[in-house]
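Architecture and fold: a report
Residues per chain, in single letters:
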Amino acid sequence: MGCRERAAKRDLLRIVLIKGACVPDPRGTLPGRGAYVHPASVCLDLAVRRRAFPRAFKVPGPLETAELRRYAEQ
């Protein structure tokens, strides 16, 4: 979603929407629609700038991404 480069599913971070916030799902077990991005802050920033998360989850408006940023910085 962020850099638009293809990669194997195991190399990407799954992100799910929980109560209006994008939450990382590294194990891939949380329910719901998932979106995938490289686990790097650069790709995350590109996805946020392009408003890719609201499109992927089919919801209007911006979404909270603070938890994703904390995860990417680790």
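On a predicted model such as this, the values are computed, not experimentally measured, just so you know. (Residues numbered from 1 in each chain as written. Predicted model: local features only at pLDDT ≥ 70, side-chain atom pairs only at ≥ 80, totals over all residues. Heavy atoms only, no water.)

Digging into the side chain of His38
Position of His38 relative to the elements: it lies in the loop between β3 (34-37) and α1 (41-49). Residue His38 is classed as buried on the basis of its relative accessible area of 18%. Dropping the residues within four chain positions of it, His38 is found in contact with Cys3, Glu5, Ala7, Asp11, Leu12 and Cys43. (Helix = DSSP H or I, 4+ residues; strand = E, 2+ residues; numbered from the N terminus. Buried < 20%, exposed > 50% of the residue type's maximum accessible area, 1.4 Å probe, protein only. Contact = heavy atoms within 4.5 Å.)

Examining the confidence of the model for the chain
Caution applies to low-pLDDT parts of the model: their predicted coordinates are not meant to be read in detail. Averaged over the chain, the pLDDT score is 92; the fraction of residues at 70 or greater is 100%. Per-element averaging of pLDDT across the chain places helix α3 (residues 66-73) at the bottom with 90 and strand β1 (residues 13-18) at the top with 96. (pLDDT = per-residue confidence, 0-100.)

Describing unusual backbone geometry
For Arg4, which is not glycine, the phi dihedral falls at a positive 65°. One can find Arg4 in the segment before β1. For Arg4, a relative accessible area of 60% translates into the label exposed. One non-glycine residue with positive phi stands out, namely Arg51, at about 55°.

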